[in-house]
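Structure at a glance
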Number of protein chains: 4
Amino acid sequence: MPKRETATRVYSFGLWTVMNRGADPFGAATRAALDPLEAISGLAAHGAAAFELHAEDLIPPGSSTVERDRLIAEARRRMTDTGIVCDACGSSMFTEPVFKDGGMVSNEARVRRMALARYEAAIDVGHLLDAPLFNIWGGRDGAEVDASRSPVDALKRLRDGFNELDAYITRQRYPMRLSIEPKPNEPRGDLYISTAGHALGFIATLEHPEHVGVVLEFAHAAMAGLNPAHEVAHALYAGKLDGIHLNAQRPLRFDQDLRFGGANLKDSFFVVKLLEEERWPGPRTFDAHPYRTTDEEGIWGFVEGCIRAYEILAEKVRQFHEDAEVQQLLAEIKRWAAPPQSDERPATGPGRIFAYERLDHLVFEILMGTR
Amino acid sequence: MPKRETATRVYSFGLWTVMNRGADPFGAATRAALDPLEAISGLAAHGAAAFELHAEDLIPPGSSTVERDRLIAEARRRMTDTGIVCDACGSSMFTEPVFKDGGMVSNEARVRRMALARYEAAIDVGHLLDAPLFNIWGGRDGAEVDASRSPVDALKRLRDGFNELDAYITRQRYPMRLSIEPKPNEPRGDLYISTAGHALGFIATLEHPEHVGVVLEFAHAAMAGLNPAHEVAHALYAGKLDGIHLNAQRPLRFDQDLRFGGANLKDSFFVVKLLEEERWPGPRTFDAHPYRTTDEEGIWGFVEGCIRAYEILAEKVRQFHEDAEVQQLLAEIKRWAAPPQSDERPATGPGRIFAYERLDHLVFEILMGTR
Amino acid sequence: MPKRETATRVYSFGLWTVMNRGADPFGAATRAALDPLEAISGLAAHGAAAFELHAEDLIPPGSSTVERDRLIAEARRRMTDTGIVCDACGSSMFTEPVFKDGGMVSNEARVRRMALARYEAAIDVGHLLDAPLFNIWGGRDGAEVDASRSPVDALKRLRDGFNELDAYITRQRYPMRLSIEPKPNEPRGDLYISTAGHALGFIATLEHPEHVGVVLEFAHAAMAGLNPAHEVAHALYAGKLDGIHLNAQRPLRFDQDLRFGGANLKDSFFVVKLLEEERWPGPRTFDAHPYRTTDEEGIWGFVEGCIRAYEILAEKVRQFHEDAEVQQLLAEIKRWAAPPQSDERPATGPGRIFAYERLDHLVFEILMGTR
Amino acid sequence: MPKRETATRVYSFGLWTVMNRGADPFGAATRAALDPLEAISGLAAHGAAAFELHAEDLIPPGSSTVERDRLIAEARRRMTDTGIVCDACGSSMFTEPVFKDGGMVSNEARVRRMALARYEAAIDVGHLLDAPLFNIWGGRDGAEVDASRSPVDALKRLRDGFNELDAYITRQRYPMRLSIEPKPNEPRGDLYISTAGHALGFIATLEHPEHVGVVLEFAHAAMAGLNPAHEVAHALYAGKLDGIHLNAQRPLRFDQDLRFGGANLKDSFFVVKLLEEERWPGPRTFDAHPYRTTDEEGIWGFVEGCIRAYEILAEKVRQFHEDAEVQQLLAEIKRWAAPPQSDERPATGPGRIFAYERLDHLVFEILMGTR
């Protein structure tokens, strides 16, 4: 039976996840809105040691500076009281009509400026909450009408925007990294930065690639049919995994943001395995939301379910590494994986057969708890 | 720890699954062909109480009647020796160039006749092996070039073909049902009978719908992004589930035919749950194949892995039904599901909230073996 | 240049299509709501000879009978003034929280009764508008938590519900058919009646299958990766195509409801080809909505674009049938498609080669306007 | 009517495209193999000014150096005779059993060495044919069993392999670039370098990123549901588009490699538009194959169809740029896209409305040839 290791592993949730009201494109909200301060306290009370937010989750757009500072002070009080920290900030400007054709990629220069101003204001909020990361999911930076904008121009506008935000952070001397959260589509027909790979390739073209990383969302990888663990591996390999958003997603569907563990059991195991094996130090953040059929009271069960699913899977990873047969099969692989000593000419002949079929079945049994 | 219940549950494999040589569209075969008689004996020795076959798996196309009868006699000897039975027969005519644009839907009347003759010959083989079912996966009955054939005409040709085969079986007085195995695509760009629903709708247009059922393949449902348990439910609801092909399939990919349990863990649980809850009497048939990286020796581990996965999932179903909290949640649902006594006017007001979030999490825990 | 054949072909739109306000799951509405009466008049003024509606589009839920009758009278006045007719009615109860876990499949008997009462009230509205069809897209009749309800039970509840609605229509002596509009998923994780095939198979289990047909939506077929023309063919073949919803949808995405012609050009051609070739008499209904980036003024351009796309594609169908090379290739196919006179034994030997590659290329050229 | 501009635009085909025999995972070959020398001459005779090859297309694995040189001499003679050039070389080692678990990522060090030796031999062949590019589609560099290999290790092995091949080319002083062709899956369950983005991100980690680019295949982007034009844009934006493989692919299916123009009409237009607008100088290479229903004679019609489709779409691009209404709409966009002169504070207020709905409809009409 897995036991909590809260001392070593930080769980985090987006404030928006528990503030979600259950509306969807075909239906009205089904539960009352949770106050952001209650969200902070409630998360702290239910196992989260950190939270992520859109600045607007806490501070309604159009608030005065006085109002902003009051809300931040209140949030900080909750943080002090509960010990919860803010690990990342972003902006939900994507909800607003003015950005309907993009923030940083808008065809209107004025809107692009507005987007940068909004991001800078949100960066300030993140700084005031001691967030070490400003994460940008540019949910409107995409297109349905490819005739309206060259995708090459879109990438140049994104480059200019990210360079400017990076410069802003540097100028303000904020100890904050910048990150990109890719997604293939939704709400736009296509988003320009669609996968981990596209984010990594794009970052390499920035003025200061070393300031910018990626935040990967499990469901976003699943939406493109990619292997989520491979997405994480690309970011880890590049030394650029700045955050992870865990949830679940059935294939071939709209963005579902299901409770972690609600689908994709095996893929989730391999993502957890990679994070644990590589001793990735960041928070395990959940970006999901309760079902529309869940009421206010069910929210905290949802929160506990996400955390519990991670702990169970992390325990499975430990079992995998302690299973004698698994280790024997991996040792056999390892024995042949090391380059041979002499630089002799490669021999011909067939390749070795490793017991992959058995190894994969053992993963199934470990997942099922029958080993 | 689940224990085998071989007395009550019949496991079956297609002969072609263990005879598969590991070739794929980009690569040559990686293992030697298993002799069909060895396949029969080997399956019997590794937990299968039944097998399914394409007539051609046993009897090479073009064999004489003498050769056919000799091979059938040999197969029957293996069956007698081991107790394994043949639960379904079909034809692999889809491999042959002459049927490249379809068997029963071909634009060439002569080819359609050849296809029916081939099916009838295979029906004879099935009868000689005491198969109670002749299952047709019309792998070439589809199209890439929709201009070449009206899909309405294709359905009419399929109708005429199925009616003729049904009449043949009746005329021969074979105690045999006919079934359709749907698939959305591959190897054709689109297959005309794509899902459980399409098979069921089509069967309703035949002369004797009561003679014809469906065989559902897990991976084929997954390829269309449909919920495999819902596919099975449609067939059960219609009283037409004549067979089930179990395997695994990652989404958004070519037809993978992975080992049962190799992916889709939760969907597999719900398929097993439905089969067990409805006490569906048919054989649990596996239509998968070992990885291309598996050698001859690994085949039997693959076979055992499929069976073991089913048994583990069936045991999970039992646990689900014995879990006190699950049963309490289901009882609460059941209490409100029954129609109220009086026929009073429907009240207004919000719907009840059931603990779906918790119930789904409990499924996760039961699957993980942590309850 | 195609010319309008408004005399012979009826175009229709859902009122909700032009009333759509541009909201999406990540963003607020971007345009003002169009009044339903203005929608009726506007559609009539922009080329539509018919409209479809959800009863609630015209009559807000909770309206009194007096208010209902006043609104219907006003709608009928617009209809008389403009000549536009109502070709189908449905209900948008799926938006309301009480039906969040289903209408006819709800686990709460009381909610199932409420759903039937709502449908019956909407049937009355349809009758008062002379709609010959009541079309049910049961957008909430699905699940995310399969443990909460057996899918077999769900189908039985749907069967009972449809039988009851059919009986209601019969009892009221309304000259109205009932139809089912399938969709694989969204807003629910899975919908129980997912494709044309599933609707057709399900209808065969009703008390009066002859009263019930299907309304097919292009995008819904595309969401499951099925060939939309084949979906239409299944319904035509079964004699059950009661309506068609035309739009566009890029693959592997949320339900986009793009303007007809906005994607899927070739698939759209083959759907139009089938409807025209089979002289299907029903209205060509568009169920799409303007982009979120479109304002109120752009709505009518959207409407005209849908109609224009259909007319262009219908003209392409005519060209296809008049193209000498196409006809020569089809004649060659036809020559071999007819069964040979004598019932001689099927010859062996390879199949004929038809010029499919050329035929498909000619479709491309006809679509491009370069023939 | 579009006219050939063979003087300015180079069309190319993989030799394997016309040598394809029509086999698929469920069916045997349907046509005789074309000799590679005949393929070269045939392509030259049917509009191609260049070809691409796998070294093994020309030189069977295991050939002696003498045999290799003879075959190269013969190929060069065909090239001289016809004027066709070789624009890229690769290796089809992915067909061979020894590489069944990967070439550069194999768990067996010896196999990794064999893969590099094979690539180096193929690089030599490319050099002897004056190919300016060596393109690697590592079709086996993926996995089904994620437990068998850390994806981070796989990326490190790929990095070491690419660095070694780059060093080999430098050491040999070949005037040759190296490129990566990404694909999400098939034949492996997942390939490690899955999209344009992943290739670009990976290249940034190599010792000499400036030596390595990407070759994008239309169908591979479509398989992941990504926008193919956006994939091309990422490579162009990064200055790394070294090649393009054009074909067609219906969504949610196995790798179809359909004739260019056979599907995805609008996406194909936007890819051609980008290549033409950016005056991308490389060859327009087709990597498709004739239908399995096509015979030997149909191959050249297939070749001509691909080229013709490109020319038609390129002509559509020209029309787009000459259409007065399109240009007026784009001018309006451009007017607002330029940054305003003064650095004044961003104004609030709604965004401008551009006529996207109309613009997209005009693309439809231009594609249909009705403008």
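Residues numbered from 1 in each chain as written. Chains lettered and ligands numbered in written order. Predicted model: local features only at pLDDT ≥ 70, side-chain atom pairs only at ≥ 80, totals over all residues. Heavy atoms only, no water.

Here we look at the packing of helix H11 (residues 298–322) of chain B against helix H13 (residues 356–368) of chain B
Residues and elements named next belong to chain B. In plain terms, the rule: Helix axes use the C-alpha atoms of the stretch in contact, all axes being lines fitted to C-alpha atoms, and the angles between their N-to-C directions lie in the range 0 to 180 degrees. To qualify as a helix, a DSSP run of H or I must reach at least 4 residues; to qualify as a strand, a run of E must reach at least 2; elements of each kind are numbered from the N terminus. Each angle receives one of four descriptions, namely roughly parallel if under 35 degrees, roughly antiparallel if over 145, roughly perpendicular if within 65 to 115, and oblique otherwise. Helix crossings fall into two classes, left-handed where the near helix is turned counterclockwise from the far one by less than a right angle and right-handed where it is turned clockwise. A contact between two residues is defined here by any heavy atoms of the two lying within 4.5 Å. Classes in brief: Ala, Val, Leu, Ile, Met, Phe, Trp, Tyr, Cys and Pro nonpolar; Asp, Glu, Lys and Arg charged; the others, Gly included, polar.
Two elements in contact, H11 and H13, have axes separated by 9 Å at closest approach and are oriented at 135°. Taken together, H11 and H13 sit at an angle that is classed as oblique. H13 is crossed by H11, and the crossing has right-handed handedness. Facing H11, whose interface residues are Leu313, Lys316, Gln319 and Phe320, H13 presents Val363, Ile366, Leu367 and Met368. Among the residues making up the contact of H11 with H13, the classes are represented as six nonpolar, one polar and one charged.

Comments concerning unusual backbone geometry
The residue after B:Glu186, namely B:Pro187, is reached through a cis peptide bond having omega 10°. Looking at the secondary structure, you find B:Pro187 in the loop between strand S6 (177–180) and strand S7 (190–191). Even without glycine at this site, C:Asp257 takes up a positive phi of about 50°. Considering the arrangement of structural elements, one finds C:Asp257 in the loop between strand S9 (241–246) and helix H10 (265–277). Of note, the phi angle at D:Asn264 is positive, near 55°, even though the residue is not glycine. You can see D:Asn264 is positioned in the loop between strand S9 (241–246) and helix H10 (265–277).

What to know about the side chain of D:His230
The condition is simple: Two N or O atoms count as a polar contact when they lie within 3.5 Å, although within protein this holds only if one can serve as hydrogen donor and the other as acceptor, and sequence-adjacent residues are included solely when both atoms are side-chain atoms.
Inspection of the secondary structure puts D:His230 in helix H9 (residues 228–237). Among the polar contacts made by the side chain of D:His230, one reaches the side chain of A:Asp146 at a distance of 2.9 Å. Those residues in contact with D:His230, other than ones at most four positions away along the chain, are A:Asp146, A:Pro151, A:Asp190, A:Leu191 and A:Tyr192.

Comments concerning the interface of chain A and chain D
The test is simple: Salt bridge, as used here, is a side-chain nitrogen of Lys or Arg placed within 4 Å of a carboxyl oxygen of Asp or Glu.
Facing 72 residues of chain A, the contacting portion of chain D comprises 73 residues. The tally of links between chain A and chain D comes to zero salt bridges. Where chain A touches chain D, the interface holds 28 residue pairs in polar contact (both at pLDDT 80 or more). If you list the elements that add at least two residues to the side of chain A that touches chain D, you get helix H5 (109–128), helix H6 (151–172), strand S7 (190–191), helix H7 (196–203), helix H9 (228–237), helix H10 (265–277), helix H12 (324–337) and helix H13 (356–368) of chain A. Its residues assigned to classes, the side of chain A that touches chain D comprises 42 nonpolar, 15 polar and 15 charged.

Overview of the relation of the copies chain A and chain D
Inclusion rule: Least squares is the method used to superpose the copies, on C-alpha atoms of residues holding a pLDDT of at least 70 in both.
Taken as rigid bodies, chain A and chain D are interconverted by a rotation of 180° and an axial shift of 0.0 Å, the fit giving an RMSD of 0.0 Å. Taken together, the turn and the small shift mark the pair as related by a two-fold rotation axis. Looking at chain A, 100% of its interface residues are interface residues in chain D too, so the copies touch through the same face.

Notes on the pattern of salt bridges
Residue and element names in this part refer to chain A. Spelled out, the test is: Summary of the burial criterion: residues with accessible area below 20% of their type's maximum are buried, those above 50% are exposed, and those between are partly exposed, where the area comes from a 1.4 Å probe applied to protein chains only.
This model, assessed by the stated rule, comprises 131 salt bridges over all chains. We note a salt bridge from Arg177 to Asp242, for which the minimum N-O separation is 2.8 Å. Of this pair, Arg177 sits in strand S6 (residues 177–180) while Asp242 sits in strand S9 (residues 241–246), and the two are 65 residues apart along the sequence. The partly exposed category is assigned to Arg177, whose relative accessible area is 27%.

Overview of the interface of chain B and chain D
Put simply, the rule reads: Accessible area, probed at 1.4 Å, shrinks when two parts are joined; the buried area is that loss added up over both.
Taken together, the contacts link 33 residues of chain B with 33 residues of chain D. Roughly 3000 Å² is buried in total at the junction of chain B and chain D, and carbon and sulfur atoms are behind 58% of that figure. Together, B:Phe26, B:Lys100 and B:Phe254 form the three largest contributors to the area buried by chain B at its contact with chain D, with a combined 23%. Here chain B and chain D share six salt bridges between them. We note a salt bridge from D:Arg250 to B:Asp190, for which the minimum N-O separation is 3.4 Å. Where chain B meets chain D, there are 14 residue pairs in polar contact (both at pLDDT 80 or more). Of the residues in the side of chain B that touches chain D, the class split is twelve nonpolar, seven polar and 14 charged.

Some details on helix H7 (residues 196–203) of chain C
H7(C) sits mainly inside the fold: eight of its eight residues count as buried. Within the sequence span of H7(C), burial applies to C:Ala196, C:Gly197, C:His198, C:Ala199, C:Leu200, C:Gly201, C:Phe202 and C:Ile203. Summarising the contacts, the buried residues of H7(C) are in contact with helix H7 (196–203) and helix H9 (228–237) of chain B together with helix H6 (151–172), strand S6 (177–180), strand S8 (212–217) and helix H9 (228–237) of chain C. The N-capping residue of H7(C), defined by a side-chain oxygen 3.1 Å from the backbone nitrogen of C:Gly197, is C:Thr195.

Some words on the nonpolar core
Here is the rule we go by: Here, nonpolar core means buried Ala, Val, Leu, Ile, Met, Phe, Trp, Tyr and Cys residues that are tied together by side-chain atoms lying within 4.5 Å of each other.
A:Leu43, B:Leu43, C:Leu43 and D:Leu43 are the most contacted members of the largest nonpolar core, which totals 464 residues. With near-sequence residues (within four places) excluded, C:Leu43 lies in contact with C:Phe13, C:Leu15, C:Val18, C:Ala48, C:Phe51, C:Ile84, C:Trp300 and C:Val303.

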